[in-house]
Structure formats: C-alpha cells, structure tokens
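# Architecture and fold: a report
Take a look at the letters that make up each chain.
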Amino acid sequence: ELKAKFFNDHLITKVRAEWGPRFSDPKLTTRLEHQGGVTLGGTPFSTTAGIGVITQGSTFKHLEVSGLELSGSLQGTLQGGGMLALTGAAVGDPGKGLEHITLSGAYVEEPWTAGATVSYFAREERTVGQLSVGYRPQKNIDWALIGTMDSKGEKYVGVGLRIGF
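Reading the values: rules and limits
Residues numbered from 1 in each chain as written. Predicted model: local features only at pLDDT ≥ 70, side-chain atom pairs only at ≥ 80, totals over all residues. Heavy atoms only, no water. Pairing = 2+ DSSP bridges. Helix = DSSP H or I, 4+ residues; strand = E, 2+ residues; numbered from the N terminus. Axes fitted to C-alpha atoms, helices over the stretch in contact; angles between N-to-C directions. Patch = residues over 30% accessible without salt bridge, like charges linked within 9 Å, V, L, I, M, F, W, Y side chains within 5 Å. Areas by Shrake-Rupley, 256 points an atom, 1.4 Å probe, with all protein chains shown as cover. Salt bridge = Lys/Arg side-chain N within 4 Å of Asp/Glu carboxyl O. Buried < 20%, exposed > 50% of the residue type's maximum accessible area, 1.4 Å probe, protein only. Contact = heavy atoms within 4.5 Å. Polar contact = N/O pair within 3.5 Å; in protein donor to acceptor, adjacent residues only side chain to side chain.

### A look at the sheet that holds strand β5 (residues 64-77)
- As summarised here, the arrangement of the 11 strands in space is β1-β2-β3-β4-β5-β6-β7-β8-β9-β10-β11, forming an open sheet in which the pairing is antiparallel. Strands at the two margins of the open sheet, each flanked by one partner only, are β1 (2-6) and β11 (155-163). For this sheet, the mean inter-axis angle between neighbouring strands, taken without regard to orientation, is 15 degrees.
- With 10 bridges joining them, strand β8 (residues 112-121) and strand β9 (residues 126-138) adopt antiparallel strand pairing. Residue pairing for β9: Thr117 is matched across the bridge by Gln130.

### Some details on unusual backbone geometry
- With omega at 10 degrees, the peptide bond leading from Glu110 into Pro111 counts as cis.
- Structurally, Pro111 can be placed in the loop between β7 (97-109) and β8.
- With a phi close to 55 degrees, Asn8 is a non-glycine residue in the positive phi region.
- Here Asn8 shows up in the loop between β1 and β2 (11-18).

### A word on a nonpolar patch on the surface
- The grouping of Trp112, Trp143, Leu145, Val157, Val159, Leu161, Ile163 and Phe165 at the surface amounts to a nonpolar patch, some 980 Å² of accessible area in total.
- Of all elements in the fold, only β10 (141-150) and β11 reach the threshold of two or more residues within the nonpolar patch.
- For the nonpolar patch, the leading source of residues is β11, giving four residues.
- Within the secondary structure, Ile163 sits in strand β11.

### Focus: the pairing of β11
- Pairing of β10 with β11 involves nine bridges; the strand directions are antiparallel. Opposite Ile146, over in β11, you have Gly158 as the bridge partner.
- From the end of β10 to the start of β11, which pair antiparallel, there are four residues, and Gly153 there has a positive phi angle of about 95 degrees.

### Quick notes on the pattern of salt bridges
- This model, assessed by the stated rule, comprises nine salt bridges.
- Of the charged contacts, one joins Glu33 and Lys14 as a salt bridge, the two residues approaching to 3.9 Å between their closest N and O atoms. Here the residue Glu33 occupies a position in strand β3 (residues 27-40), and Lys14 occupies one in strand β2, the gap between them amounting to 19 residues.
- Judged by relative accessible area, which is 25%, Lys14 ranks as partly exposed.
- The partner of Glu69 in a salt bridge is Arg31, and the shortest N-O contact between them spans 3.3 Å. Here Arg31 lies in strand β3 and Glu69 lies in strand β5, a separation of 38 residues in the sequence.
- Look at Glu69 and you get partly exposed, because its relative accessible area is 27%.

### A word on the environment of Lys152
- By the secondary structure assignment, Lys152 is in the loop between β10 and β11.
- Look at Lys152 and you get exposed, because its relative accessible area is 51%.
- Sequence separation between Lys152 and Gln35 is 117 residues; the distance between their C-alpha atoms is 37 Å.
- Sequence-distant contacts of Lys152, that is, excluding residues within four places in its chain, are made with Glu124, Glu125 and Arg126.
- Only 3.3 Å separates the side chain of Lys152 from the backbone oxygen of Glu124, close enough to count as a polar contact.

Rendered as structure tokens:
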C-alpha cells in the first residue's frame, strides 16, 4: 500500500495492490480523500470525503473496473462533551449498478456509547437496521446490547460482555 499527502495533508491518495499465488487474481484499489472541517452551530467538525476505484482481473494486464466507492464522514465534539460521528458510503459496480449504501451514526459520552446503522443491499433488495448501546464503567470492562432487524423479517438481539486481564 502506498499513500501520499498533498496540500497541507488535506488531499490524500492511496494505492493498494493484492494478489494470489504467482501474481494471479490481482486486485488494485485506488482512493482519493479530502480531509477538512466545518463549523455547525458553533461546533467544529472534521470532515472526510472520498472516492475509490477497485479493479480486478486474471492478470495485471487484464484489470477491469469492478467497483466504485463514494464515502463521507463528519465527526466532532459537542459542547456538552459528547462526540458525534456520522458516516456514509455507497458502493457500486459500473456494469451491475449499485451494490449497497450504508449510513451510520454514533454518539459517545463516556462511559456510554449509542449507535445506529442502516444499510440497503440493492441486489438482494434488502434493508438492514441496527441499534446499539454500550457501557464502559472501567478501562478493562464493557458491555453492549445490539438489536438488528431487516426488511425480510429477520430480527436479532445480541448482548456482549468484555473483561480484559
């Protein structure tokens, strides 16, 4: 993976190559990101917007575009002390159209964390929603409750506990 930054680190370019045995089945990912900031309601937020292109093929000579990703994020600390993060991404294939869209948000105010995610998978015509809450009373102990529901009628609830030694 190679990464270069330009214009006071506001513009970032990334190139990543992966392949199998004897350089078979190569995958090349290129990404361009812009990092900046915006003030909303007197609160400064950091922003990131990016575009990525994924190419794959049987050999490096036969690479074809297999995916395109658009993404963005907004993150900042609110006046009450909590941190808010919002992210979004859309992934598609030039030949097959939209693959999925994901939007998520999280709010952290120690020791609590709350989050929500909505994803739409176009090929399956399926929407999945997830809500989560976590509590971390100490550095080495935390628990979480996660609920997931999708447009096909599936529902899940998960409870987790982590204790570090």
